[in-house]
Amino acid sequence: MSTIDRNRNLLSHVGQGARQTVEKTQQTANVAVNTVKTAVAESAKVVKQGVDAFEAGPARQVTNLLGGSKKPDRAYDGQFVGANGQTFPPGTPLNQIPAVMPKNNTNPTKTIIYVNGIMTPKEAQSSDLQAIADKAGARTIGIHNSTEGFVSDLAQCVKDKLDKGRNPAVDTLADTLYSELKAGRSVDLMGYSQGGLITSRALKDVANRLRIEDGMSKADVEKTMSRLNVETFGAAATTYPDGPKYVHYVNNRDAVPTLFGLGGTVDPAAFLKDAGKGAVVHRFGDGGLNVIANHSLQDTYLKHRVPFEQAREGKFNN
């Protein structure tokens, strides 16, 4: 074999080895790339699951807290709420609204209008309406105070306390009470938390309207409004106009009425507050460290509620 042939054979072996090395390298690279692709895909899946979980949990809670929820509860603001969550526009006559009926009384004679507090969507108010109907043995109709999140709801409470800005629930309640009074009818009314504040503001609007639009004297206004039976539970209002018959329920362990409402049993600022002439204020202590439970309408306040006439006589069970 000549030198040239030996060199050609050597180059052939070298070329074959190089090709094999390149092919193995390419295979290794392909495996590495596929591994990376798989890892990236799995990581993306895990990240997406994490994002979905965050959006469904903490993020949604924060969004609701800041008032950014896209739920359409605001569409029901100031509307009447009847049986099965049906809503009716302001101005609808009460006798045309199918009320929530008590389960233990098939023929109730009394109708109660109820205004809810903050952070309460329409569905939750419907639950409260049923609980009130069962407790009082009465037909119940809601006036909805819509929620737009904790921060927005609190801002509206401040405006209600200052009697500033428009609150559709206040307008609906005031117009309803005025119309019923002008028609010579009596009204039973309940307000819880901010709903008590809305009730206070609406009652003041009605008193002003009777005085200004109808030219009534202060005494006549009070006589006319004496046909209103008003109950509040954990309300955030500090003053109420004279005239209506009031029963106010205050849990001494509930921060809402003790700090922002009529105050607890011991209240250094009591001289600044007015529950309304002849009002009965029932203060009690119920609950522990759970501030939410202490303020609950169904779990706390309705347990202490007694029939209105009995309450007006100061006869409470606890």
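Quick note: structure is the one above.
Just so it is clear, the structure is predicted and the values come from calculations on it, not from any experiment.

Q: Before we go on, may I ask you to explain the sheet that holds strand β1 (residues 80-81) in this structure?
A: The pairing of strands in a sheet happens through backbone hydrogen bonds and is either parallel or antiparallel. Strand order across the open sheet formed by eight strands is β2-β1-β4-β3-β5-β6-β7-β8, with mixed pairing between neighbours. Only two strands of the sheet have a single neighbouring strand rather than two, namely β2 (87-88) and β8 (280-284). Note that β1 and β2 share two bridges and pair antiparallel. Bridging across to β2, Phe 80 finds its partner in Phe 88. Relative to the sheet, helix α6 (residues 194-212) contacts β3 (111-115), β5 (187-192), β6 (228-233) and β7 (245-251), its axis offset from that of β5 by approximately 135 degrees.

Q: Help me understand the packing of aromatic side chains in this model?
A: Aromatic rings in a pair are described by how distant their centres are and how their planes are angled relative to each other. In total, this model carries five aromatic pairs according to the counting rule given. Above the plane of the ring of Tyr 76 lies Lys 122, whose end atom (NZ or CZ) is 5.0 Å from the centre. Lying over the aromatic face of Tyr 178, Arg 209 brings its terminal NZ or CZ to 3.8 Å of the ring centre.

Q: Help me out: how do you make sense of helix α3 (residues 122-136) in this one?
A: Think of an α-helix as 3.6 residues a turn; residues three or four steps apart then line up on the same face. The terminal C-alpha atoms of α3, which comprises 15 residues, lie 21 Å apart, in line with the 21 Å expected from a rise of 1.5 Å per residue. Of the residues making up α3, those classed as buried are Lys 122, Gln 125, Ser 126, Asp 128, Leu 129, Ala 131, Ile 132 and Ala 133. Residues of α3 that are buried sit in contact with β1, β2, β3, β4 (139-143), β5 and α10 (297-304). Following α3 by one or two positions, Gly 137 adopts a phi angle in the positive range, close to 65 degrees.

Q: Looking at this structure, how should I read helix α4 (residues 150-162)?
A: Between its terminal C-alpha atoms α4 stretches 19 Å, which fits the 18 Å expected from 13 residues at 1.5 Å a residue. Within the span of α4, buried status applies to Asp 153, Gln 156, Cys 157 and Asp 160. Within α4, the buried residues cover an arc of 110 degrees as seen down the axis, which keeps them to one side. On its buried face, α4 is in contact with α5 (168-182) and α6.

Q: Looking at this structure, how should I read the environment of Cys 157?
A: With respect to the element layout, Cys 157 can be found in helix α4. Its relative accessible area of 13% is what places Cys 157 among the buried residues. Once the C-alpha coordinates of Cys 157 and Gly 195 are considered, the two residues, 38 residues apart in sequence, prove to be 9.6 Å apart. Not counting residues up to four positions away in its chain, the partners in contact with Cys 157 are Ile 118, Gln 194 and Leu 197.

Q: Got a minute to help me understand the environment of Leu 162 in this structure?
A: Topologically, Leu 162 is positioned in helix α4. Given a relative accessible area of 56%, Leu 162 falls into the exposed group.

Q: How do you make sense of the pairing of β8 when you look at a structure like this?
A: When a strand is regular, its side chains alternate between the sheet's two faces. Across the two faces of β8 the burial differs, with Val 280, His 282 and Phe 284 buried and Val 281 and Arg 283 not buried at all. Relative to β8, β7 is paired through five bridges, and the arrangement is parallel. Looking at the pairing, Tyr 249 lines up with His 282 of β8. Between the parallel elements β7 and β8, the chain passes through helix α8 (residues 255-260) in a crossover that is right-handed.

Q: So what exactly am I meant to see when it comes to the side chain of Thr 176 here?
A: Inspection of the secondary structure assignment puts Thr 176 in helix α5. Among the residues examined, Thr 176 registers a relative accessible area of 10% and is labelled buried. Looking at Thr 176, its side chain comes within polar contact range of the main-chain oxygen of Thr 172, at 2.7 Å. What Thr 176 contacts, discounting residues up to four positions off in sequence, is Phe 80, Leu 94, Ile 113 and Ile 143.

About the cut-offs
Residues numbered from 1 in each chain as written. Predicted model: local features only at pLDDT ≥ 70, side-chain atom pairs only at ≥ 80, totals over all residues. Heavy atoms only, no water. Pairing = 2+ DSSP bridges. Helix = DSSP H or I, 4+ residues; strand = E, 2+ residues; numbered from the N terminus. Contact = heavy atoms within 4.5 Å. Axes fitted to C-alpha atoms, helices over the stretch in contact; angles between N-to-C directions. Phe/Tyr/Trp six-rings, centres within 6.5 Å; stacked < 30°, edge-to-face > 60°. Lys NZ or Arg CZ within 6 Å of the ring centre and 35° of its normal. Expected span 1.5 Å × (residues − 1). Buried < 20%, exposed > 50% of the residue type's maximum accessible area, 1.4 Å probe, protein only. Arc of directions from axis to C-beta. Right-handed = clockwise from strand over helix to strand, strands pointing away. Polar contact = N/O pair within 3.5 Å; in protein donor to acceptor, adjacent residues only side chain to side chain.

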